[in-house]
Amino acid sequence: LLAQQTSVDKGSQEDASFQVRADAAENGEDVITLNFQGADINALISLVSQVTEKSFIVDPRVKGKVTLVSGSGLPADKLYEIFLSVLEVSNFAAVPSGSVIKILPKNLIKQHPTPTTDVPVDGDQQITHIVTLEHAAVNELLPILRPLLPPTDHIAPHAGSNTLILTGTASN
């Protein structure tokens, strides 16, 4: 992972900089402290790739600045969860595709395969959730639920099986 007591300080533009500090906690776990102030999102993607050893394919439309501050050390194994949250608030998403992860604008997720589940899941990963309704008709609930979802999420009814198919962030 990262070497003990490593510190990186880079400035990508006038106001943008990031600092990363990696330490070993008392219990021997790797801990990372992040300070990204207006840094290019691709710098964060690169760091996450190095720490997690995950490979990313980044859509050319993925651009922008991010700010991420952790006041204290975070377990290094939680970095990917935090990364997914940063992508979420920046209107991007990560979609696993074989041995790589695609980073895409969030509004394109419904056009790409996502993990499918029929049980509730937490987190900011992108999923397709299938819900079979027992006490209401999908066509009755659709106009109620649609306004509650972010515009980048997708909801589709299947009247024959009284099922809703939702694609979006697991926490929604």
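Residues numbered from 1 in each chain as written. Predicted model: local features only at pLDDT ≥ 70, side-chain atom pairs only at ≥ 80, totals over all residues. Heavy atoms only, no water.

Undergrad: Looking at this structure, how should I read the pairing of strand 7 (residues 92-97)?
TA: Within a regular strand, the side chains alternate between the two sheet faces. Bridge count between strand 7 and strand 8 (residues 100-105): six bridges; the pairing is antiparallel. Residue pairing across strands places Phe92 opposite Pro105, the latter belonging to strand 8. Between strand 7 and strand 8, which pair antiparallel in sequence order, lie two residues; one of them, Gly98, sits at a positive phi of approximately 70°. (Pairing = 2+ DSSP bridges. Helix = DSSP H or I, 4+ residues; strand = E, 2+ residues; numbered from the N terminus.)

Undergrad: Teacher, can you tell me more about the nonpolar core here?
TA: Judged by nonpolar contacts, the single largest core of 26 residues is most densely connected at Leu44, Phe56, Tyr80, Phe83, Leu87 and Ile103. If you list the elements that add at least two residues to this core, you get strand 3 (30-40), helix 1 (41-52), strand 5 (65-69), helix 2 (79-89), strand 7 and strand 8. When neighbours within four sequence positions are excluded, Leu87 is seen to be in contact with Ile41, Phe92, Ala93, Ala94 and Ile103. Listed in part, the seven residues of the second largest apolar core include Val138, Leu149, Ile155 and Leu164. (Core = buried A, V, L, I, M, F, W, Y, C linked by side-chain atoms within 4.5 Å. Buried < 20%, exposed > 50% of the residue type's maximum accessible area, 1.4 Å probe, protein only. Contact = heavy atoms within 4.5 Å.)

Undergrad: Is there a simple way to think about the sheet that holds strand 7 in this case?
TA: Within a sheet, each strand pairs with its neighbour through backbone hydrogen bonds, oriented either parallel or antiparallel. Here three strands make up an open sheet; going across it, the order is 4-8-7 and the pairing mixed. Strand pairing shows two members of the sheet lacking a second neighbour, strand 4 (55-58) and strand 7, which therefore form its edges. Each adjacent strand pair in this sheet contributes to an overall mean axis angle of 30°, direction not counted. Strands in contact with helix 2 are strand 4, strand 7 and strand 8; relative to strand 7, the strand with the most contacts, it is inclined by about 130°. (Axes fitted to C-alpha atoms, helices over the stretch in contact; angles between N-to-C directions.)

Honestly, that's just the spatial picture; any functional story needs more than this.
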